Amino acid sequence: MPRVVTVAAAQLGPIQRADTRAQVVERLISHLRTAAAMGCDLVVFPELALTTFFPRWYFEDEAELDRFYEAEMPGPATRPLFDEAKRLGLAFHLGYAELARDDAGRARRYNTAILVDKSGQIALRYHKVHLPGHREHEPWRKFQHLEKRYFEPGDGFPVARALGGIFGAAICNDRRWSETYRVLGLQGVEMVLIGYNTPIHNPPAPEHDVLSGFHNHLVMQAGAYQNGTWVVGVAKAGVEEGCELLGQSCVIAPSGEIVARCATQGDELAVARCDLDACASYKRTLFNFAVHRQPHAYGMIVERKGAEPPPE
Ligand code: CDT
């Protein structure tokens, strides 16, 4: 029997700071209903899909910061999303800011993505590993990117069996790192779910701005092909609090080809019928890791963090 997952890349237009959780969840539910009418199995929402992209601001007051985080999942505001997905028989993937507490009651903040299966159970929880930006306030920037301040990095790239296949997740900046896809690929991943909020302007390197759309697809297409996996990349797009975020949400086949993509910067679905068995011809041949990889030659990948050029 073919293992087909019909997936919706559920792009969101901007979420402004004044938008309430209830308003946002209503938009997510509207995406669920459209996706169900289109015969989807899985709806993929972006990174930090419940709020505006708050790392663009420096907050001194922790109580103000806390308002962007979820202390429970599902909580009172997100329960209707879980209920509606279950009623419609849909799995979904959601990015949000997670506020957990350790045994000593200390706050642990993560940029989190979950995959919720069709029965409403959380099948996979992922904490973003590659946190971009900076830790301290840098007033020279047009806007801040304080992910290093507001989150702690996750410690790995788990996969889960769901929907008849093997699923993994990555979040935004993770998609630019080949290590992300390879660690997932080494666990046999067949579909990688990636939400993102990508400001088109990068204050430390404005010369890259014009290439931001190219780089977005470049990295996800390479990651898909080199690991023989589907990749679903989903944006929060458009002008959010004066900051322009990239769109281009898409579904990428294990061939590296884009098979569906959004055309707007607003709320929009890109739907594709994904045969998970299409991964096999790549995983069995050109990218048969067990046959062709040479780990003895890759030691530096884990032993060394920064580049160390040879002496002059
Ligand atoms: N959200 C996120 O990770 N955004 C980054 C911006 C990089 S520029 C500091 C990205 O890689 O798209």
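Scope of this entry: the structure provided in the associated data block. (Residues numbered from 1 in each chain as written. Predicted model: local features only at pLDDT ≥ 70, side-chain atom pairs only at ≥ 80, totals over all residues. Heavy atoms only, no water.)

With that out of the way, let us pick up the sheet that holds strand β6 (residues 159-162). Strand order in the open sheet formed by six strands is β6-β7-β8-β9-β12-β13, with mixed pairing between adjacent strands. The open sheet has two edge strands with one neighbour each: β6 and β13 (258-261). Taking each pair of neighbouring strands and ignoring which way they run, the sheet shows an average axis angle of 20°. Bridge analysis of strand β9 (residues 230-235) against strand β12 (residues 250-252) gives three bridges, and the strand direction is antiparallel. By the bridge assignment for β12, Val231 is matched with Ile252. Contacts from helix α5 (residues 178-185) reach β6, β7 (165-171), β8 (191-196) and β9 within the one sheet, and its direction differs from that of β7 by about 160°. (Pairing = 2+ DSSP bridges. Helix = DSSP H or I, 4+ residues; strand = E, 2+ residues; numbered from the N terminus. Axes fitted to C-alpha atoms, helices over the stretch in contact; angles between N-to-C directions. Contact = heavy atoms within 4.5 Å.)

Joining two cysteines, a disulfide is a covalent bond between their sulfur atoms. Summed over all chains, the structure comprises zero disulfides. Cys40 carries a free sulfur, and the closest cysteine sulfur to it, the one in Cys274, is 9.5 Å from it. Exposure remark for Cys40: the relative accessible area of 8% places this residue in the buried category. Free cysteine Cys279: the closest other cysteine sulfur is in Cys274, separated by 9.1 Å. (Disulfide = S-S within 2.5 Å. Buried < 20%, exposed > 50% of the residue type's maximum accessible area, 1.4 Å probe, protein only.)

Our next topic: the pattern of salt bridges. For the structure shown, the criterion picks out 21 salt bridges. Among the salt bridges present, the one from Arg3 reaches Glu190, with a minimum N-O distance of 2.7 Å. Separated by 187 residues along the polypeptide, Arg3 in the segment before β1 (4-11) and Glu190 in the loop between α5 and β8 bring together distant segments of the chain. On the accessibility criterion, Arg3 (26% relative accessible area) is partly exposed. (Salt bridge = Lys/Arg side-chain N within 4 Å of Asp/Glu carboxyl O.)

Let us look at the pairing of strand β5 (residues 122-127). Summarising the sheet, strand β4 (residues 107-116) and β5 pair through five bridges and their orientation is antiparallel. By the bridge assignment, Ala113 is partnered in β5 with Tyr126. The hairpin formed by β4 and β5 contains five residues between the paired strands, and Gly120 there has a positive phi angle of roughly 90°.

Glancing now at the environment of Thr198. Topologically, Thr198 is positioned in the loop between β8 and α6 (212-227). Separated by 45 residues in the primary sequence, Thr198 and Cys243 place their C-alpha atoms 9.8 Å from one another. Residues within four places of Thr198 in sequence aside, it is in contact with Cys172, Arg175, Arg176, Glu244, Leu245 and Leu246.

Before going further, it helps to examine the sheet that holds β5. By definition, the strands of a sheet pair up through backbone hydrogen bonds, in either a parallel or an antiparallel sense. Taking strand neighbours across the sheet as the criterion, the six strands line up as β5-β4-β3-β2-β1-β14 in an open arrangement whose pairing is mixed. Two strands in the sheet have a free side with no partner beyond their single neighbour: β5 and β14 (268-275). In this sheet, adjacent strand axes meet at a mean angle of 30° when their direction is disregarded. Packed onto the sheet, helix α1 (residues 21-37) meets β1, β2 (42-44), β3 (91-101) and β14 and runs at close to 45° relative to β14.

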